[in-house]
Amino acid sequence: MFNALEMAPPDPILGITEAFKKDPNPGKINLSIGVYRDAKGATPVLESVKRAEERILATEKTKNYVSPNSGTVEYCAAVQELIFGAGHEVLASKRAATAHTPGGTGALRVAGDFIKEVLGGKRVWMSEPTWPNHPSIFQASGLELGTYPYYDAVHKTLDFEPMLDALKKVPAGDYVLLHGCCHNPTGMDPTPDQWKAIADVSAKQGWIPLFDFAYQGLADGLREDAEGLSAFLGQGRELFICSSFSKNFGLYNERVGALTVVGESEVAAEKALSHLKRVIRTNYSNPPAHGSSIVTTVLNDAELRALWEGEVEAMRDRIAGMRQLFVDTLRAKGVLQDFSFLTKQKGMFSFSGLTKEQVARLRDVYAIYIVSSGRINVAGMTEENMNPLCKAIAEVLSN
């Protein structure tokens, strides 16, 4: 039965990494997949994570299932405190319920299944462009897709007025996917005033916000990056938040995430959680324990948390430094095109403006791997690879 199958097309991002691994060129550079790299080009294990693991391994007594299957009370409480901040009204009123999921992708899929199967939702709207996996996830949940404008490719900025106009036409009861910070792939985030305007439209129109909050701490700061989300947290507002700890904890292969739902009341949140448990049961049944234990240990220990927050700040500063160095080095290589817009973008990704043809030439001639849309993982840049990278881009742009 398998012989009758045609080969499936490679994933637009993971497929690039597979091709990169097979490339024999010793000077190859991978700026495609969204993984943080340090100044030496390695994806490190954070010191706070190492110390937490030492404690966990020293005291661990069982490999039993996580109970309940929505995640431990300690983990879910730590996630909520990180999202909303200590003492927030949502926490005080107990209007939030959190489920532990396998990564941020798992949170998105559980949200999609919950919206379709439990709430009877029909459509999710997402920015154009968005992370390439977003449409596939929600289509797999059986939801219809819609798009709204987001990025002005000519002026290299947020296409805010057309975006807002489109969101004013989204029907009540539909769901709108919003990137909480570090928009993937453009790196362009709304300002606090723009977030407030979007939240006002949501309240007036009656559509439900669904936040992909995968990069908390990597734009401006842990609390600052939650400002956009906070604009939607008026009394009684309902929304979904999908968190990931792959980036800000470096726990990529531990698959640690969470889906948090905010209801009108404590009773509403409890009802939602009861159905989330059923959705989870028929999907992966029970979440992985080790990564969530790390997150819980770090967030609940003052010393480890301070260490972790310093490490997140260092990652954020390095990414910003690479953005500036990239722009400066391109200019030094004689590139006349203005790339200064890259310094206004935030997070790991930048929309470079490179065309598909230019991206293909960078790969075929220089062994530099970039997503075909021109999205660059800035966190993959180092002082060592910056010169060959910018030299190659300068040569491609001059042809």
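In short, a report on the structure.

## A look at the environment of Gln-205
Step number 1: Residue position: Gln-205 is located in helix α8 (residues 192-205).
Step number 2: Judged by its relative accessible area of 25%, Gln-205 is partly exposed.
Step number 3: For the pair Gln-205 and Gly-173, spaced 32 residues apart in the sequence, the C-alpha separation amounts to 8.8 Å.
Step number 4: Ignoring any residue separated from it by four or fewer positions in sequence, one finds Gln-205 in contact with Leu-167, Lys-168, Lys-169, Val-170 and Ala-172.
Step number 5: In terms of polar contacts, Gln-205 uses its side chain to reach the backbone carbonyl oxygen of Lys-168, at 2.7 Å.

## A look at the packing of helix α12 (residues 302-332) against helix α14 (residues 383-398)
Step number 1: Relative to each other, α12 and α14 sit at 40 degrees, their axes nearing to 9 Å. As summarised for this structure, α12 and α14 are arranged oblique, according to the angle between their axes. Here α12 and α14 pass one another in a crossing that is right-handed. In this structure, α12 uses Met-322, Leu-325, Phe-326, Thr-329 and Leu-330 to contact α14, whose residues at the interface are Glu-383, Met-386, Asn-387, Leu-389, Cys-390 and Ile-393.

## Some points on empty space enclosed by the protein
Step number 1: Here the structure, examined in full by the defined rule, presents two cavities of 30 Å³ or more.
Step number 2: In this structure, the largest cavity spans a volume of roughly 50 Å³.
Step number 3: Along the walls of the largest cavity sit Ser-127, Tyr-148, Tyr-150, Met-163, Leu-178, His-179, His-183, Pro-190, Trp-195 and Ile-198, which together make up its complete lining.
Step number 4: If you list the elements that add at least two residues to the lining of the largest cavity, you get β7 (175-179) and α8.
Step number 5: Looking at the lining of the largest cavity residue by residue, the class counts come to seven nonpolar, three polar and no charged.
Step number 6: Lining the second largest cavity are Leu-82, Phe-213, Gln-216, Ser-243, Ser-244, Phe-245 and Asn-248.
Step number 7: Split into classes, the residues belonging to the lining of the second largest cavity amount to three nonpolar, four polar and no charged.

Cut-off values and rules
Residues numbered from 1 in each chain as written. Predicted model: local features only at pLDDT ≥ 70, side-chain atom pairs only at ≥ 80, totals over all residues. Heavy atoms only, no water. Helix = DSSP H or I, 4+ residues; strand = E, 2+ residues; numbered from the N terminus. Buried < 20%, exposed > 50% of the residue type's maximum accessible area, 1.4 Å probe, protein only. Contact = heavy atoms within 4.5 Å. Polar contact = N/O pair within 3.5 Å; in protein donor to acceptor, adjacent residues only side chain to side chain. Axes fitted to C-alpha atoms, helices over the stretch in contact; angles between N-to-C directions. Parallel < 35°, antiparallel > 145°, perpendicular 65-115°, else oblique. Left-handed = near helix turned anticlockwise from the far one by under 90°. 1 Å grid on protein atoms, 1.4 Å probe; cavity = no way out; pocket = protein on both sides within 12 Å on 5 of 7 lines; lining within 4 Å. Points joined across faces, edges and corners; volume = space filled by probe spheres on them. Nonpolar A, V, L, I, M, F, W, Y, C, P; charged D, E, K, R; others polar.

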